[in-house]
Amino acid sequence: MQLSSRITSMQESPIRKLVPYATKAKAEGKKVFHLNIGQPDIETPKSFMESIRNFDQKVIAYSFSEGLPELIEAMIDYYKKYDMHYEKDEIIITNGGSEALLFSVIATMDHGDEVLVPEPFYTNYNGFTSAVDVKVSPITTSAEDGFHLPNRETIEELIKPKTKAIMLSNPGNPTGVVYTKEEVEMLSSLAKEYNLFIIADEVYREFVYDGLEFTSFGNMKDIQDRVIIVDSVSKRYSACGARIGSVASKNKELIAQILKLAQGRLCVATLEQVGATALYKTDQSYFKNVNKEYDRRRNIMMEALNNMPGVFCKSPTGAFYVNAKLPVDDAEKFVTWLLQEFELDGDTVMLAPAEGFYSTPGLGKDEARIAYVLKEDDLKRAMEVLKAGLEHYPGKTV
Ligand SMILES: Cc1ncc(COP(=O)(O)O)c(C=O)c1O
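Residues numbered from 1 in each chain as written. Predicted model: local features only at pLDDT ≥ 70, side-chain atom pairs only at ≥ 80, totals over all residues. Heavy atoms only, no water.

Focus: the packing of helix H13 (residues 331-340) against helix H14 (residues 376-392)
In contact at an axis separation of 11 Å, H13 and H14 are set at 110° when each is read in the N-to-C sense. It follows that H13 is roughly perpendicular to H14 by the angle criterion. The interaxial crossing formed by H13 with H14 has right-handed handedness. For the pair formed by H13 and H14, the contact residues are Phe334, Trp337 and Leu338 on the first element and Leu386, Gly389, Leu390 and His392 on the second. For the contact of H13 with H14, the class distribution of residues is five nonpolar, two polar and no charged. (Axes fitted to C-alpha atoms, helices over the stretch in contact; angles between N-to-C directions. Helix = DSSP H or I, 4+ residues; strand = E, 2+ residues; numbered from the N terminus. Parallel < 35°, antiparallel > 145°, perpendicular 65-115°, else oblique. Left-handed = near helix turned anticlockwise from the far one by under 90°. Contact = heavy atoms within 4.5 Å. Nonpolar A, V, L, I, M, F, W, Y, C, P; charged D, E, K, R; others polar.)

Some thoughts on the site of the ligand
Taken together, 14 residues are adjacent to the ligand, and Gly97, Ser98, Asn173, Asp201 and Ser232 come closest. Take glycine 97: an N or O atom from its main chain is 2.6 Å from an oxygen atom of the ligand. Within the contact set of the ligand, an oxygen atom lies 2.5 Å away from a side-chain nitrogen or oxygen of serine 98. In the complex, the protein chains occlude 93% of the 400 Å² of accessible area that the ligand would expose alone. Elements supplying a minimum of two residues to the shell around the ligand: helix H5 (96-108) and helix H9 (233-236). Broken down by element, the shell around the ligand gets its largest block of residues, four residues, from H5. Among the residues making up the shell around the ligand, the classes are represented as four nonpolar, seven polar and three charged. (Near = heavy atom within 4 Å. Polar contact = N/O pair within 3.5 Å; in protein donor to acceptor, adjacent residues only side chain to side chain. Areas by Shrake-Rupley, 256 points an atom, 1.4 Å probe, with all protein chains shown as cover.)

Now the structure itself:
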């Protein structure tokens, strides 16, 4: 028997594949600071648990395939705060942003089609596209340019007859880039001219720093029939384990088609939808406080990285990641070495090697994504450990 080439050619998650080394390091008594995964340690708003505790039905029944009506209503109100206006039949609740991405890819592209994605990109875009035989066509961006987009002509050259969509995360994971209004407008006008969908993954919408203004693809009024907004409570409300995401689009036909996929998996967990309904009613002031915390962490991390010889990255302006160039021969080898061989007084650190965030072969080999999701003291210590690791690594290049 033979497994499908679709599944065997799918890449392993670069974020998770080194986890067994971390598990072993912990079993050996080392403390591992996890900067490799976007799992925030910020407390989930209490309203989540409270609403679940107050759930008084006798049966945990299936929910509607499109999602709990109260949650959809709460999301409609949430979007209004961003001048995005959806109706009930324009939103479907999904199992995390992950399922929303997969559904969006399936609904907009056929076998052999292509999707333009600025690289480096959220690694699971590779997984979701390759699982359904869609090819990623990368728009390469660089640390030197702060991972902003190249000009319109460069992107235009990448558009082929098979190109059906542009998919991107804004703010960016792993780059922390926040695309300017001009960039969002440029992609929107390309989408219109070349008849492309835009799958806008905006799960980090609120995580924007330095007073920058966030422009959503949901605000590009004249292309709303081709915009799909992917969202999630995972990062927004620090509720990764709730597994609640969504797709939203003014294209009712597209949503009706995605509903068929949603019907196939019956529904999203009922109780978590109850909790997520409460989350989406959280006052916007919550984000101000959370952002202050991430901003502080970002500054601690950047100050430390700037003091490490050979490390290069511009200060990210969104999400909670930085994609840094490291003075090492191979970032994956470096992270494996950190976990297997290195310790600083019993401590080590884990990063996400960045090669898997690129689809152009060879790019990102000396880069790693660092998530600033730890409390100040832990982050400071993690940076000390990283600095010492870079000094002692046998494959260092400076
Ligand atoms: C850009 C981006 N999109 C989507 C997701 C998926 O999130 P979830 O499935 O937890 O909602 C993540 C998770 O890290 C992400 O970083």
